[in-house]
Every structure is written in C-alpha cells, then in structure tokens.
Amino acid sequence: AMARRSGSSMAQRALRSHAFASPPAPSFRPRNRSCASTHRPPTFRWRGLTAAAAAGTEDTADSHPPSILLVSDLDGTMVGDDEATAAFTDYWLSRRAMAPGNAEDADDGSPSSSSLCYSTGRTLEQYLDLKGANAFLCEPDFLICAVGTRVYERDGEDGEWVEVGGWAAQLGDGWCTDAARESAEGLISLFGESRVHMRPPHEQNAHKVTCGVRSEIVDECCASVNQALTRSQVKAKLVYSGSGDWKYLDILPARGGKLESLDFLRQRLGFSRANTITAGDSGNDIAMMEGDHCSIIVGNAQSDLTDWYAQRGAPNVVKAESSHARGILEGLHSFNLY
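What this report covers is the structure whose coordinates are included nearby. Since the structure is predicted, the reported quantities are computational estimates derived from the model, not experimental observations. (Residues numbered from 1 in each chain as written. Predicted model: local features only at pLDDT ≥ 70, side-chain atom pairs only at ≥ 80, totals over all residues. Heavy atoms only, no water.)

## Some thoughts on the pairing of strand β5 (residues 150–154)
Then, in step 1: Burial within β5 is extensive, with 4 of its 5 residues counted as buried.
Then, in step 2: Counted along the chain from strand β4 (residues 142–145) to the antiparallel partner β5, the turn is 4 residues long, and its residue Ala146 has a positive phi close to 55°.
Then, in step 3: Where β5 meets strand β6 (residues 161–163), 3 bridges bridge the pair, whose relative direction is antiparallel. Bridge pairing links Glu153 to Val162 in β6.
Then, in step 4: As consecutive antiparallel partners, β5 and β6 are separated by 6 residues, and within that stretch Gly159 has a phi angle of approximately 75°, a positive value. (Buried < 20%, exposed > 50% of the residue type's maximum accessible area, 1.4 Å probe, protein only. Helix = DSSP H or I, 4+ residues; strand = E, 2+ residues; numbered from the N terminus. Pairing = 2+ DSSP bridges.)

As structure tokens, then:
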C-alpha cells in the first residue's frame, strides 16, 4: 500500500518488483531470480547469546532471543537473491531452535516463541507456486495474501493452509463487490481497452477487484473510481502499484490492507507493537510501515519507499545497506534482535 490521498476513498501508490507488458498483461510476479550482490555484509549473530551459552557452559535461561512477530514482503524483499534467502532461513531456523521448549505463553501473556508471516500481493496459490520453485524460502507460520484481504494459518491436523476466521468477515462493512467491479469496468469504457483491462479471475476475490491501467492515466482512473464508489456509498481504498508503463489498480474494502491485516494477526497472536517488525522493498509496503512498530527497508528498495522514508525519518524505521533478505538480517541486527 502507499501514501493516502484525500477523498472519500484512499488511494495508495505502490511499486512492486515487476513491470507490466502490453495487454492482455504479464504474469502476476516474476519467478525468483538469483542476484549475486557485490555488497557482502558480515555474518550476524544474535547478540544475547554469549559464547559460553553457545558452548553449553552457561545457563541459557536468560539467553533466549525475545519473541517477535516478523512480517515481511516476499518479492524483492525475502526473495530475489537465493543466497540471502538461504541466509535468512538459516537464521530463522536457529532462532526457532533457541526458543523455549514449551509452547505456553510467557508470564506476561506474550507469546513464548516467534512467528514469521509473509505479507504479499500474491494469492495463496501463487505463494505455493513460489514456494515449490524456491527451496531456500523459509516456511512461514502465517500468510497475508492478496494485498491484505486474506489471512492464512496452518491447520493443526494436516498442515494445510486455511483462512483465519474472522478477518474476511469484517471486511464487508460498507463494501460491495459488484459496485467495485462496475467502477473498474467503467474505466474500460472511459479510457478504452488499450489503456485499461481487468486482471485475470484468480487475482480477484470477494474483497479485491484488480485491473491494469496505463501509468500516465492512473490518477485519472483513481479519481473516476472514487467518484463512482462515492455515488454507490461504498467504503473503499485504492492501491495502485507497479513499475514501467503499466500499474495494478486494486480496489479494496476500507478496512482491508497490509497494515490492518497485520494488526489483526498481531492482536490475535498476542504480540505487542514493540515486538512486531515489518520489512519491505517498495511503496506497496508503506502502509504496513506506518504502524507503531519497527520496520526495515531493505537496501534494494525502490524510490517510492525510500522517498517516503526520507520525508518521514521515523526512528522506528531503519534503512539497511544490504539487499533483499540480508537487509532484513541487518535491520534485525540494528534493533538488537539478531
């Protein structure tokens, strides 16, 4: 998600890690690519684990890393450099191994173990395709998919991904899928099929309507959709994203999005804002970095996100020098969590 605009709906600009080709449109995301980085950051270790504790000669009762909820974007952040992805996976698995042996919550009510969540524009099926093609990607505990309109967890019996109850249900307040779709289809009539097209059905759901629009008319498209939704009394927000000649335009319920879904999951799990960290690389991640928690901007971040950071200069947001998943590790290190 991106910076909010005025009006009855909120338009947010974002920049995903791929560009549109000419209609009918390209695939949703590029496959993970291996990017050898010339910048080789040091190999970090969690600072709370002393050498004696690591060697087993010291009581490690107070040496466990603090429990955190890490919510990371996928494309361009967690994936994009296989070596960096593998380095993060090694770190996270070692962190899990250092967690307390029981699954009970701590005395203060906070979770006793950390949780990893990916927040992505991908659908569940598209995430599974990525996971099947990338052996280095760490298996998360939770997924936030489709620009914050779907939240998933593992089923305790067979390990399948299932929707977390309660999230999608609350998105219906003031929302109408048909009206949102009509406002998007109206753009085709207004600007023509050469400049606007509806995205494939698998990229749509009951709380997300997506079309592709030419970059030069994105502001006009947002204004037209806002006017149509205002007439229909639909509460919605707009998220436009993408690089190059084409943009994605997502129409979402007003209560949906990356930050709102993150807060829903955080509260459900019992994590405090102080123990919640987000990571991203593009303007699409600005929304989830606007909350009162720590955030990491990876070194390969795109200009929409770095410009926002330069203007905001928030102390709870750190910009790493390292790219992709190594940037996440560097950011965790700066927060004394790695």
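## Considering the packing of aromatic side chains
Then, in step 1: In this structure the tally under the stated criterion is 6 aromatic pairs.
Then, in step 2: With centroids separated by 6.4 Å and ring planes inclined at 90°, the aromatic side chains of Tyr127 and Trp161 adopt a geometry described as edge-to-face. Residue Tyr127 is found in helix α3 (residues 124–133), and its partner Trp161 is found in strand β6; the two are separated by 34 residues along the sequence. We note that Tyr127, like Trp161, is buried.
Then, in step 3: Ring-pair connections join several aromatic residues into one group, and the members of that group are Phe88, Tyr91 and Trp92. (Phe/Tyr/Trp six-rings, centres within 6.5 Å; stacked < 30°, edge-to-face > 60°.)

## Some details on the sheet that holds strand β13 (residues 317–319)
Where strands meet in a sheet, backbone hydrogen bonds hold them as pairs that are either parallel or antiparallel.
Then, in step 1: Taken together, 8 strands build an open sheet; the order of strands is β6-β5-β4-β3-β2-β11-β12-β13 and the sheet is mixed. Whereas interior strands pair on both sides, the edge strands pair on one side only; in this sheet they are β6 and β13. When the angles between neighbouring strand axes are averaged without regard to direction, this sheet yields 20°.
Then, in step 2: Inspection of the sheet shows strand β12 (residues 294–297) paired to β13 by 3 bridges, in the parallel sense. Considered in β13, the bridge of Ile297 is made with Lys319. (Axes fitted to C-alpha atoms, helices over the stretch in contact; angles between N-to-C directions.)

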